Amino acid sequence: MTVLVTGSRGRVAATLLGLLAAAGVEARAGSTNPADLSPPAGVAAVHCDLTDPATFDTALKGVDSVFLYAEATHAGAFAERARAAGVEHIALLSSSSVLAPGADTDAIASRHLAAERALAAAADSGAFEVTHLQPGAFATNALAWARTLKAGHGPALPYPHAHSDPIHERDLAEAALAVLTEPRLRGSSHWLTGPASLDFTEQLAILAEVTGRPAPHTVTTPEEWKESVAAFMPEQVADALLSHWAAHDGRPAPLTDTVEELTGHPPRTFATWATDHAEAFRP
């Protein structure tokens, strides 16, 4: 079996490449900039830009399975080229946001939903099997606080008590490894969460404990926060995040046992993630 791993500069994909190599599974690291990759020994890097269908055929040649990031722009074209290349299975890294009411109109959820639907249409025609990995919040989202925590004043939060279910990237990679290598797990949707629902203040407290440094925050208004990110975040995405945080303000996130079902162990805690990434928060 040969697995194409798209988005190989990402933390989940990079971790998955290492797991595939350790398991003796032939892998191919796909990236918009393959020259910038440092894949495991024996893993070839190929040009695969999910926004450019012209790169698909070469990347997919001889591939049996694909780990695919949910880039909706050309998901239909990717599915078509995968079918033509004889791909048997695609594991899509989607999002649990597709399960929420109003996913069709949410700027974040709708992109994942569009990718899911494009692949589902191809799967329904018998082209290949599709498995949806639907995680909640990535623990790596906390890295957005690193710069301000290093400076000693911490992030400005519009909803400091908004809950999420942070999941370690290694758990996502191990779940992906399971569905890519176990045929019985193919063709299903898997809702993945971390082991605990934590609000932002609880995550900051864990970071403070792990790093031995203060992890303060300030409270800002939604309007002020939106203005602060306007230079690098599309307005629709900012609005979707604010709406999500408001809906989860003081409300614990639901949790699943799916990580343990797929990997055989409970999901790693946020404290474990913080320990693994502690240096990112230290000057």
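Quick note: structure is the one above.
A few points on the structure. (Residues numbered from 1 in each chain as written. Predicted model: local features only at pLDDT ≥ 70, side-chain atom pairs only at ≥ 80, totals over all residues. Heavy atoms only, no water.)

## A word on the environment of Ser164
Then, in step 1: One can find Ser164 in strand β8 (residues 163–164).
Then, in step 2: By relative accessible area, Ser164 is classed as buried at 12%.
Then, in step 3: Sequence separation between Ser164 and Leu255 is 91 residues; the distance between their C-alpha atoms is 9.7 Å.
Then, in step 4: Polar side-chain contacts of Ser164 include one of 3.2 Å to the side chain of Gln203. (Helix = DSSP H or I, 4+ residues; strand = E, 2+ residues; numbered from the N terminus. Buried < 20%, exposed > 50% of the residue type's maximum accessible area, 1.4 Å probe, protein only. Polar contact = N/O pair within 3.5 Å; in protein donor to acceptor, adjacent residues only side chain to side chain.)

## Thoughts on the nonpolar core
Then, in step 1: Within the largest apolar cluster, 30 residues are counted, with the highest numbers of intra-cluster contacts made by Val5, Leu16, Leu20, Phe67, Leu133, Leu192 and Leu262.
Then, in step 2: The element best represented in this core is helix α6 (residues 169–181), accounting for eight residues.
Then, in step 3: With residues near it in sequence (within four places) discarded, Leu16 still touches Val5, Phe67, Ala173, Ala176, Leu177 and Leu180.
Then, in step 4: Among the nonpolar cores identified, the runner-up in size contains 28 residues, and Ala142, Trp145, Met233 and Leu242 belong to it. (Core = buried A, V, L, I, M, F, W, Y, C linked by side-chain atoms within 4.5 Å. Contact = heavy atoms within 4.5 Å.)

## Examining helix α1 (residues 11–22)
Then, in step 1: With 12 residues, α1 should cover 16 Å at 1.5 Å per step; its first-to-last C-alpha distance of 17 Å lies within 8% of that length.
Then, in step 2: If you follow the buried residues of α1, they end up packed against β1 (2–5), β2 (26–31), β4 (65–69), β5 (89–93) and α6.
Then, in step 3: Just downstream of α1 lies Gly24, where phi reads positive at about 80 degrees. (Expected span 1.5 Å × (residues − 1).)

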